[in-house]
Amino acid sequence: MSLPQRERISIEAFYKMRETSDQLLEYIDGFVYMSPSPSTKHQRISMRLSSTLFAFLQGKPCEVFSAPFDVELHRDEITENKVVIPDLSVICDKTGLTDQKYVGVPTVIIEILSSSNQSHDLVTKLNLYMQYGVKEYWIVNPISDGILIYKLNDNGEYELDILQATGTASSSVLHGFSVSLSDLFA
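These numbers come from a predicted model, not from an experiment.

(A) How the structure looks around the confidence of the model for the chain. Mean pLDDT for the chain: 91, with 95% of residues reaching 70 or above. Mean pLDDT per element in the chain: strand β2 (residues 31–34) is the minimum at 85, and strand β6 (residues 88–91) is the maximum at 98.

(B) Layout of the nonpolar core. Counting residues in hydrophobic clusters, the biggest one holds 24 residues, and the most contacted among them are W138, V140, I147 and L174. Only α2 (40–57), β6, β8 (108–112), β9 (136–141), β10 (146–152) and α4 (181–184) provide two or more residues apiece to this core. Element by element, the count of residues in this core is highest for α2, at five residues. Those residues in contact with L174 that lie beyond four places of it in its chain are L53, F56, L57, C62, V90 and V108. One finds F69, V71, V84 and L148 within the second-largest nonpolar core, a separate group that totals 22 residues.

(C) Here's a closer look at unusual backbone geometry. Residue P68 is reached from A67 by a cis peptide bond, and omega for that bond is 0°. Along the chain, the position of P68 falls in the loop between β3 (63–66) and β4 (70–73). Within the chain, D29 stands out as a residue other than glycine whose phi angle is a positive 55°. Along the chain, the position of D29 falls in the loop between β1 (25–28) and β2. Positive phi is not limited to glycine here, since D145 has a value of about 55°. Considering the arrangement of structural elements, one finds D145 in the loop between β9 and β10. Under the relative-accessibility criterion, D145 is labelled partly exposed at 21%.

(D) Inspection of the sheet that holds β10 at higher detail. Read across the open sheet, the six strands follow the order β3-β6-β8-β9-β10-β11; overall the sheet is mixed. A single partner strand is all that each edge strand has here, and the edge strands are β3 and β11 (158–164). For this sheet the average axis-to-axis angle between neighbouring strands, irrespective of direction, equals 15°. Sheet topology places β6 next to β8; three bridges connect them, and they run antiparallel. For S89, the partnering residue across the bridge sits in β8 and is I109.

(E) Fine view of the layout of surface pockets. Here the largest pocket is characterised by a volume of approximately 380 Å³. Forming the walls of the largest pocket are 25 residues, and the residues nearest its centre are L24, P38, H42, A67 and D87. With five residues, α2 is the single largest residue contributor to the lining of the largest pocket. Counted by class, the lining of the largest pocket contains nine nonpolar, 11 polar and five charged residues.

Procedures and definitions
Going along each chain's sequence as written, the residues are numbered from 1 onward. The predicted origin of the model limits local features to residues at a pLDDT of at least 70 and limits the giving and counting of side-chain atom pairs to 80 or more, whereas totals for whole chains, interfaces and linings rest on all residues. Think of the side-chain values as coming from all heavy atoms in the structure, minus any hydrogens and water. pLDDT measures the predictor's confidence residue by residue and takes values from 0 up to 100. Counting from the N terminus, the helices are the DSSP runs of H or I reaching at least four residues and the strands are the DSSP runs of E reaching at least two. We define the nonpolar core as a collection of buried residues of types Ala, Val, Leu, Ile, Met, Phe, Trp, Tyr and Cys that are connected through side-chain atoms lying within 4.5 Å of one another. The rule is simple: take the accessible area with a 1.4 Å probe, protein chains only, and divide by the maximum for that residue type; under 20% is buried, over 50% is exposed, in between is partly exposed. For this analysis, residues touch if any pair of their heavy atoms sits within 4.5 Å. Any two strands are treated as partners once DSSP identifies two or more bridges connecting them. Interaxial angles span 0 to 180 degrees and are taken between N-to-C directions of axes, which are lines fitted to C-alpha atoms, for helices over the stretch in contact. Think of a 1 Å grid over the protein atoms and nothing else: a 1.4 Å probe that fits but is trapped marks a cavity, an open set flanked by protein within 12 Å on at least five of seven lines marks a pocket, and residues with an atom within 4 Å of a point count as lining. Grid points are joined across faces, edges and corners, and a volume is the space filled by probe spheres set on the points. When residues are sorted by character, Ala, Val, Leu, Ile, Met, Phe, Trp, Tyr, Cys and Pro go into the nonpolar class, Asp, Glu, Lys and Arg into the charged class, and all the rest, Gly among them, into the polar class.

Right, dumping it as structure tokens:
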């Protein structure tokens, strides 16, 4: 998952590295991570979620962005920015949008697990998104047909809802947004 490195690099060095690479690279705590190519099922789930979110958000202040799209996580009280490429990002505060990326904290992030990056999404990114204040983090598991929905509480910690195979996944942040698991994993 991560590229071989002997020492940490700066975010400026990361952006220079990106200029000469066609790989999907992320930058977390001074280390560079390479994103794997998605599976066919991963792509189907991503497209279903993306199109459902796109239709739901029409006429609303939020907007959905799909990978590859850089999110440079930034909060004033955290000294170092991180660069991630979520499968889907819902951005409601659009002041951080540039021509190439988003700088700030998305309202909702959805990651779809790949067999080679499960710990990255389940541990590294979970803690990162909680630290930066992502209000809702969905982890979609195409292997088990399940969804983990982490919701940020008033103490800045995630609370977890677990959904498996059937039922409906609903957002507590995007009021009225829901998706049928049987349709999503069809």
